[in-house]
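Chain residues, written in single-letter form:
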Amino acid sequence: MPTILDGLNLPVPRQCDGHSLMPFLRGETPADWRRAVHWLYDFRDPVAQMPETVLNIKSSECNLLVHRDAEFKYVHFAANLFLIRLIFVYRLHLIHLKLLQIT
């Protein structure tokens, strides 16, 4: 929403999440642009229950949380699938996969 309002030259209300992407459309990068992002991915299937059946987990465990910055990508599975957490490391255009055993 901030991008649309900015594009229409309208003020962005304080309660709006995020920032306008208009600077990128003009070829600029804002100085205060974020350095990391995070998101939650919910992959449950309330109708067919495919992930729940294949992975043998509850619907409430069918999600993962990701944090990513310029160097790291951390993926946490709610179900602790196979008792493993994955860390994806991105450095110098090389991707290294490290598996950390949960103890």
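The structure this text deals with has already been given above.
### Describing the nonpolar core
F43, I57, C62, L64, V66, V75, F77 and A79 form the largest nonpolar core, which has 8 residues in total. Contributions of two or more residues to this core are made by β2 (63-69) and β3 (72-77).

### Examining the side chain of N63
Tracing the backbone through its elements, the reader meets N63 in strand β2. Here S60 takes part through its backbone oxygen, which lies 3.3 Å from a polar atom of the side chain of N63. N63 has contacts with L40, Y41, D42, F43, H76, F77 and A78, leaving out every residue within four places of it along the chain.

### Re the pattern of salt bridges
Where charged atoms of side chains with opposite charge meet at close range, the side chains can pair. On inspection of all chains with the given rule, the structure shows 2 salt bridges. Two residues, R26 and E28, come together in a salt bridge whose shortest N-O distance is 3.7 Å. With a relative accessible area of 49%, R26 lands in the partly exposed category. Taking the shortest distance from any N to any O, the salt bridge between D42 and R44 comes out at 2.7 Å. Looking at R44, the relative accessible area reads 38%, which means it is partly exposed.

### Section: the packing of aromatic side chains
Applying the stated criterion across every chain, the model contains 2 aromatic pairs. Between F24 and W33, the aromatic rings sit 4.8 Å apart at their centres with planes inclined by 75°, giving edge-to-face as the arrangement. Classification of F24 as partly exposed rests on a relative accessible area of 34%. A relative accessible area of 18% means that W33 is categorised as buried. Ring centres of Y41 and F43 lie 6.1 Å apart, and the angle between their planes is 25°; on these two criteria the pair is classed as stacked. Using a relative accessible area of 47% as the deciding quantity, one classes Y41 as partly exposed. Residue classification places F43 among the buried residues on the basis of a relative accessible area of 18%.

Criteria and thresholds
- Residues numbered from 1 in each chain as written.
- Predicted model: local features only at pLDDT ≥ 70, side-chain atom pairs only at ≥ 80, totals over all residues.
- Heavy atoms only, no water.
- Core = buried A, V, L, I, M, F, W, Y, C linked by side-chain atoms within 4.5 Å.
- Buried < 20%, exposed > 50% of the residue type's maximum accessible area, 1.4 Å probe, protein only.
- Helix = DSSP H or I, 4+ residues; strand = E, 2+ residues; numbered from the N terminus.
- Polar contact = N/O pair within 3.5 Å; in protein donor to acceptor, adjacent residues only side chain to side chain.
- Contact = heavy atoms within 4.5 Å.
- Salt bridge = Lys/Arg side-chain N within 4 Å of Asp/Glu carboxyl O.
- Phe/Tyr/Trp six-rings, centres within 6.5 Å; stacked < 30°, edge-to-face > 60°.

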